[in-house]
Amino acid sequence: MSADAVVSRKGAHRWASGHPWIYRSDVTHRPDAPAGAVLVRDAGRHPLGWALWSPASEISLRLLDARPDAAIDAAWWRRRLGASAARRASLGTETTAWRVVHGEADGCPSLVVDRYGQWAVVQLLSAGLEAFRGPIIDALRDILAPAGILARNDVAVRSKEGLARETELLFGDVPREIEVREHGVRYLAAPWDGQKTGAFLDQRENRVLAGQLARGRALDCFSYHGSFALHLAQRAERVTAVDSSVAALARAHENATRNGIANIDFMEADAFEFLRDAESRGDRYDTIVLDPPAFAKTRGALASALRGYKEINLRAMRLLAPGGILLTASCSFHLTKPLFLELLASAAADSGRRMTLRRFLGQPLDHPEVLTIPETGYIKAAVVDAESAE
Ligand code: SAH
């Protein structure tokens, strides 16, 4: 019994309301057990199910299975991960890279698995999950038959779990760069040292849409290795891709060459300055993409982040040619959907132009957003257009 966790009514209510996390303050009896899976009971000692247990974390318990008689063993992981992989079966015709496991949204709390062709990149983000590293990797080898598995465990949240931050090859070999084919476009992902697990898979569908809408003179701000620009270049006459990272731009160049694309100009610049200068020059664009990094990494940073988002959106709206299209995104979890729309409305008001919301966008199928788990959703994007000339 002492190896079980007991939670308060508030803690039990979290699971009843569809959220898998129970915080430290709601654990009334801490299990006398190392990180791993524990049985969780309510205040009346009634079993509620099995959870990952992270002794050092503020998020103490993460729901795995609400069946008290479940056995969290190798076969359990094989079934859970297999089901997640099967939900993505249709994606193979569109892309060679996709997210196989999106953590809590796939019932695998604190686990990320991205597939890049023959290779897999994983993130084990809690102490409880780390205890199952062996069975998880075995199951992934079985399900994906990969040539190699890399762990990009170099992320900050691991510190909150008392875990080391490191990038580690777990099986086979994983190359420095992997070619991804996404809806007719090829680009190089960088699993060892690129952002996230090597590429931004979460904007895939929005990139395709941007490509379909693009025309005339196009601008891709915060372009990273050019993934939006490569799609824009299919229909736009000329594309300017702006990023502050030299390494990302070098790969962007290589990516353009790989696709035989010659109508992209790459610019190393601060996007804020670029937009300001473009405005003062009186430049005009028919298509603009804004896909900035998360300006609000914490709730406390939200106010200054909002100013940043508003500034770039306002300038982009002013830069649009009549009838021009802006695809604008935010990946800050703390910037909620209503706040995002509010800031776009405020930028539109200041721009003095009539801006119309054409589409409100989110995450692709392989990054499911569960309504009762807000943390599973972070990308918001909108397509807005400027009034055309009379
Ligand atoms: N659109 C990309 C992802 C963009 S990630 C895709 O779909 O793949 C955000 C990018 O913004 C990173 O490449 C980072 O180098 C760049 N960045 C961050 N701050 C910047 C700034 N102030 N000006 C220009 N680029 C910036």
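As a reminder, the structure under discussion sits directly above these lines.
Read on for a plain summary of the structure. On a predicted model such as this, the values are computed, not experimentally measured, just so you know.

1. A word on the overall build of the protein
Link 1 in the chain: The helix and strand tally for the protein stands at 11 helices and 20 strands.
Link 2 in the chain: The C-alpha radius of gyration computed for the protein amounts to 23 Å, which stays within 12% of the reference 21 Å derived for 390 residues, consistent with globular compactness.
Link 3 in the chain: Across its three principal axes, the protein shows a C-alpha extent of roughly 75 × 45 × 35 Å.
Link 4 in the chain: Buried positions account for 54% of the 390 residues belonging to the protein.
Link 5 in the chain: By sequence separation, contacts in the protein at least 24 residues apart represent 63% of the contacts at least 6 residues apart.
Link 6 in the chain: Roughly 16,300 Å² of accessible area belongs to the protein as shown, and the carbon and sulfur atoms make up 51% of that amount.
Link 7 in the chain: Computed over 49 positive and 48 negative side-chain charges, the separation of the two mean positions in the protein equals 3 Å.

2. Things to note about the side chain of R99
Link 1 in the chain: Checked against the element boundaries, R99 lands in strand β7 (residues 97-102).
Link 2 in the chain: Judged by relative accessible area, which is 7%, R99 ranks as buried.
Link 3 in the chain: At 3.4 Å, the side chain of R99 forms a polar contact with the side chain of H102.
Link 4 in the chain: Setting aside its immediate chain neighbours within four residues, R99 contacts R88, V112, V113, D114, L201, D366 and H367.

3. Digging into the side chain of D202
Link 1 in the chain: Residue placement: D202 occurs in the loop between β13 (185-189) and α6 (204-213).
Link 2 in the chain: Using a relative accessible area of 3% as the deciding quantity, one classes D202 as buried.
Link 3 in the chain: Separated by 2.9 Å, the side chains of D202 and K196 make a polar contact.
Link 4 in the chain: One polar contact links D202 to Y378, side chain to side chain, over a distance of 2.8 Å.

4. Overview of helix α9 (residues 271-281)
Residue pairs three or four apart in sequence face the same way in an α-helix, which turns once every 3.6 residues.
Link 1 in the chain: Inspection of α9 places A271, F272, F274, L275 and A278 among the buried residues, and these make up the whole buried set. Viewed along the axis of α9, the buried residues span an arc of 165°, placing them on a single side of the element. Projecting away from the buried face of α9 at angles above 90 degrees are the exposed residues S280 and R281.
Link 2 in the chain: Its side-chain oxygen 2.9 Å from the backbone nitrogen of F272, D270 forms the N-cap of α9.
Link 3 in the chain: Directly after α9, the chain includes G282, whose backbone phi takes a positive value near 80°.

5. Section: the state of the cysteines
Link 1 in the chain: Tallying each qualifying case throughout the model produces zero disulfides.
Link 2 in the chain: Free cysteine: C221, not disulfide-bonded; nearest cysteine sulfur from C331 at 15 Å.

6. Concerning a nonpolar patch on the surface
Link 1 in the chain: On the surface, a cluster of nonpolar side chains totalling about 240 Å² of accessible area is made up of L341, L357 and F360.
Link 2 in the chain: With respect to the secondary-structure elements, L357 resides in strand β19 (residues 355-361).
Link 3 in the chain: Residue class for L357 comes out partly exposed when judged on its relative accessible area of 44%.

7. A look at the nonpolar core
Link 1 in the chain: The biggest cluster of nonpolar side chains holds 38 residues, and the ones touching the most others in it are Y116, L230, L232, V239, I264, F266 and L327.
Link 2 in the chain: In terms of residue count, the dominant contributor to this core is helix α7 (residues 227-232) (four residues).
Link 3 in the chain: Two domains each donate at least three residues to this core, and these are domain 2 (74-178) and domain 3 (200-386).
Link 4 in the chain: The contact partners of F266, leaving out residues within four places of it in the chain, are A241, L249, A252, H253 and A256.
Link 5 in the chain: The next biggest cluster of nonpolar side chains, apart from the first, holds 34 residues, and it includes F272, A305, L335 and L344.

8. Focus on the sheet that holds strand β20 (residues 380-386)
Link 1 in the chain: The seven strands lie next to each other as β16-β15-β14-β17-β18-β20-β19, forming an open sheet whose pairing is mixed. At either end of the open sheet lies a strand with only one pairing partner, and these are β16 (264-268) and β19. Within the sheet, the average angular offset between the axes of one strand and its neighbour, ignoring direction, is 15°.
Link 2 in the chain: With four bridges joining them, strand β14 (residues 217-221) and strand β17 (residues 285-290) adopt parallel strand pairing. For D220, the partnering residue across the bridge sits in β17 and is V289.
Link 3 in the chain: Sitting on the sheet, helix α8 (residues 246-258) touches β15 (238-243) and β16, and the angle it makes with β16 is about 170°.
Link 4 in the chain: Sitting on the sheet, helix α11 (residues 337-351) is in contact with β18 (320-330), β19 and β20, with an inclination near 160° to β19.

9. Considerations on the pattern of salt bridges
Link 1 in the chain: Evaluation of the coordinates by the stated rule reveals 30 salt bridges.
Link 2 in the chain: For D154, the salt bridge goes to R152, with nearest N and O atoms at 3.1 Å.
Link 3 in the chain: Residue class for D154 comes out partly exposed when judged on its relative accessible area of 28%.
Link 4 in the chain: Of the charged contacts in the structure, one is a salt bridge between E179 and R181, with a shortest N-O distance of 3.3 Å.

Calculation criteria
As a convention, each chain's residues are numbered from 1 in the sequence order in which they are written. Local features in a predicted model are, by the rule used here, given only for residues with pLDDT of at least 70; side-chain atom pairs are given and counted only at 80 or more, and totals for whole chains, interfaces and linings are based on all residues. Calculated side-chain values reflect all of the structure's heavy atoms, with hydrogen atoms and water omitted. In this text, helices come from DSSP runs of H or I with a minimum length of four residues, and strands from runs of E with a minimum of two, each type numbered from the N-terminal end. Throughout, the radius of gyration refers to the C-alpha atoms, and the reference size of a globule is 2.2 Å times the residue count to the power 0.38. Exposure categories follow from relative accessible area, calculated using a 1.4 Å probe and restricted to protein chains: below 20% of the type maximum is buried, above 50% is exposed, and the middle band is partly exposed. Residues count as neighbours in contact if any of their non-hydrogen atoms are within 4.5 Å of one another. In this description, accessible areas are obtained by the Shrake-Rupley approach with a 1.4 Å probe, and a residue is regarded as covered only by the protein chains that are shown. In this tally, Asp and Glu contribute negative charge and Lys and Arg positive charge; neither His nor the terminal groups of the chain are included. Lysine's charge is taken at NZ, arginine's at CZ, aspartate's at CG and glutamate's at CD. Polar contacts, as counted here, are pairs of nitrogen or oxygen atoms within 3.5 Å of one another; within protein the pair requires one atom able to donate a hydrogen and one able to accept it, and residues that are adjacent in sequence qualify only if both atoms are side-chain atoms. The arc in question is the one traced by the directions running from the helix axis out to the C-beta atoms. For this text, the term disulfide refers to a pair of cysteine sulfurs within 2.5 Å. Like charges are joined within 9 Å and nonpolar side chains (Val, Leu, Ile, Met, Phe, Trp, Tyr) within 5 Å, but only among residues with over 30% relative accessible area and no salt bridge; these make up the patches. When a carboxyl oxygen of Asp or Glu lies within 4 Å of a side-chain nitrogen of Lys or Arg, that pair is called a salt bridge. Nonpolar core, defined: a set of buried Ala, Val, Leu, Ile, Met, Phe, Trp, Tyr and Cys residues in which side-chain atoms within 4.5 Å join the residues together. An automatic or database domain assignment is the source of the domain bounds shown. Note on pairing: DSSP must find at least two bridges between two strands before they are called paired. To get an axis, a line is fitted to the C-alpha atoms, and for a helix only the part in contact is used. The angle between two axes follows their N-to-C directions and goes from 0 to 180 degrees.

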